[in-house]
Amino acid sequence: MATADDFDFSAPVIRAGGAIAESNWQRLVEHAVAEWSGDLDATMATMTRNDPFQIMYATGLHVVGYDAVREFYRGRMATFQGQGFFAHRWVASDQAIVGSGYFSGTPSGMLFGVPTTGKTLCLPMTVWIYFEDTLIKGEAAYLDGRELERQVREGTTLDRHTPVY
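Residues numbered from 1 in each chain as written. Predicted model: local features only at pLDDT ≥ 70, side-chain atom pairs only at ≥ 80, totals over all residues. Heavy atoms only, no water.

Caption draft 1: Local environment of unusual backbone geometry. Even without a glycine there, the phi angle at Asp51 is positive, about 50°. Locating Asp51 in the fold gives a position in the loop between helix H2 (40-45) and strand E2 (53-56). You can call Asp51 partly exposed: its relative accessible area is 46%. The phi torsion at Thr134 lies on the positive side, around 60°, for a residue other than glycine. Looking at the secondary structure, you find Thr134 in the loop between strand E8 (121-132) and strand E9 (135-142). (Helix = DSSP H or I, 4+ residues; strand = E, 2+ residues; numbered from the N terminus. Buried < 20%, exposed > 50% of the residue type's maximum accessible area, 1.4 Å probe, protein only.)

Here it is, written out as structure tokens:
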């Protein structure tokens, strides 16, 4: 299995909490490595069984419940492999972690509830990851839905290294 060294976790982490915030950060790294490696069981082992969720406000994606979230991840892993979120900064607290950066990749199939065309996407995104007893409760992602639709049609020349403010 891959390790954290196989992925880019170089963005600054602003810590706004103590030991629980640090435990949440370590759980997020564990979760991301499992997800980006395509390990469904290891991904789900980082999540609470108490109604976890995945929300993508721009597309209307709203998945709630352990089995439903597991199916969401199964589909995500079929549509897109590897690291998808490249943070420019993180804020880690005792209740949530917020990442600001880009989704970047070349998905093929349904992604975030939208059919993709195999074109490269590079979308500014903010994601809120919520925790329950240091397990991931869920993720809510924010991005520009019209820009997602445009990039699905046309692709992009954006670069994930461009600053996000």
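Caption draft 2: View of the packing of aromatic side chains. Enumeration over the complete set of coordinates arrives at 11 aromatic pairs. An angle of 20° between the planes, with centres 5.1 Å apart, marks the rings of Tyr57 and Tyr142 as stacked. On the criterion of sequence distance, the pair formed by Tyr57 in the loop between E2 and strand E3 (61-64) and Tyr142 in strand E9 is long-range, its members being 85 residues apart. Classification of Tyr57 as partly exposed rests on a relative accessible area of 48%. Ring plane angle 75° and centroid distance 5.3 Å describe the contact between Phe72 and Tyr73, whose orientation is recorded as edge-to-face. Taken together through their ring pairs, the aromatic side chains of Phe7, Phe9, Trp25, Trp36, Phe85 and Trp90 make up a single cluster. Cation over ring: Arg49 sits above Tyr66, and NZ or CZ is 3.9 Å from the ring centre. (Phe/Tyr/Trp six-rings, centres within 6.5 Å; stacked < 30°, edge-to-face > 60°. Lys NZ or Arg CZ within 6 Å of the ring centre and 35° of its normal.)

Caption draft 3: Examining the environment of Thr116 more closely. Mapped onto the elements, Thr116 comes out in the loop between strand E7 (114-115) and E8. For the pair formed by Thr116 and Gln83, sequence separation is 33 residues and the distance between their alpha carbons is 17 Å. A polar atom in the side chain of Thr116 sits 3.3 Å from the backbone oxygen of Pro107. (Polar contact = N/O pair within 3.5 Å; in protein donor to acceptor, adjacent residues only side chain to side chain.)

Caption draft 4: Seen up close, the environment of Leu148. Note on placement: Leu148 falls in helix H4 (residues 145-154). Not counting chain neighbours up to four residues away, the residues in contact with Leu148 comprise Thr59, Val114, Leu121, Leu123 and Leu143. (Contact = heavy atoms within 4.5 Å.)

Caption draft 5: Layout of the packing of helix H1 (residues 19-37) against helix H3 (residues 66-79). Look at H1 against H3: their axes get within 9 Å of each other, and the N-to-C directions meet at 55°. As the angle between them shows, H1 and H3 are arranged oblique. Contacts from His31, Ala34, Glu35 and Trp36 of H1 reach H3 at Tyr73, Arg76 and Met77. For the contact of H1 with H3, the per-class residue count stands at four nonpolar, one polar and two charged. (Axes fitted to C-alpha atoms, helices over the stretch in contact; angles between N-to-C directions. Parallel < 35°, antiparallel > 145°, perpendicular 65-115°, else oblique. Nonpolar A, V, L, I, M, F, W, Y, C, P; charged D, E, K, R; others polar.)

Caption draft 6: Looking closely at the sheet that holds E9. Within the open sheet, the seven strands sit side by side as E1-E4-E5-E8-E9-E2-E3. Their pairing is mixed. In this open sheet, the two edge strands, each paired with only one partner strand, are strand E1 (13-16) and E3. On average, each strand axis in the sheet is tilted by 15° relative to the strand beside it, whichever way the strands run. This element, H1, spans E1, strand E4 (85-93), strand E5 (96-105), E8 and E9 of the sheet and lies at about 155° to E4. (Pairing = 2+ DSSP bridges.)

Caption draft 7: Up close: H3. A rise of 1.5 Å per residue sets the reference length of H3, with its 14 residues, at 20 Å; its end C-alpha atoms lie 20 Å apart and thus fit the reference within 8%. Within the span of H3, buried status applies to Tyr66, Val69, Phe72, Tyr73, Arg76, Met77 and Thr79. The arc that holds the buried residues of H3, viewed along the axis, is 160°, so those residues lie on one side. Exposed side chains of H3 directed beyond 90 degrees from the buried face belong to Asp67 and Ala78. Of the surrounding secondary structure, the elements contacted by the buried residues of H3 are H1, H2, E2, E3, strand E6 (110-111) and E9. (Expected span 1.5 Å × (residues − 1). Arc of directions from axis to C-beta.)

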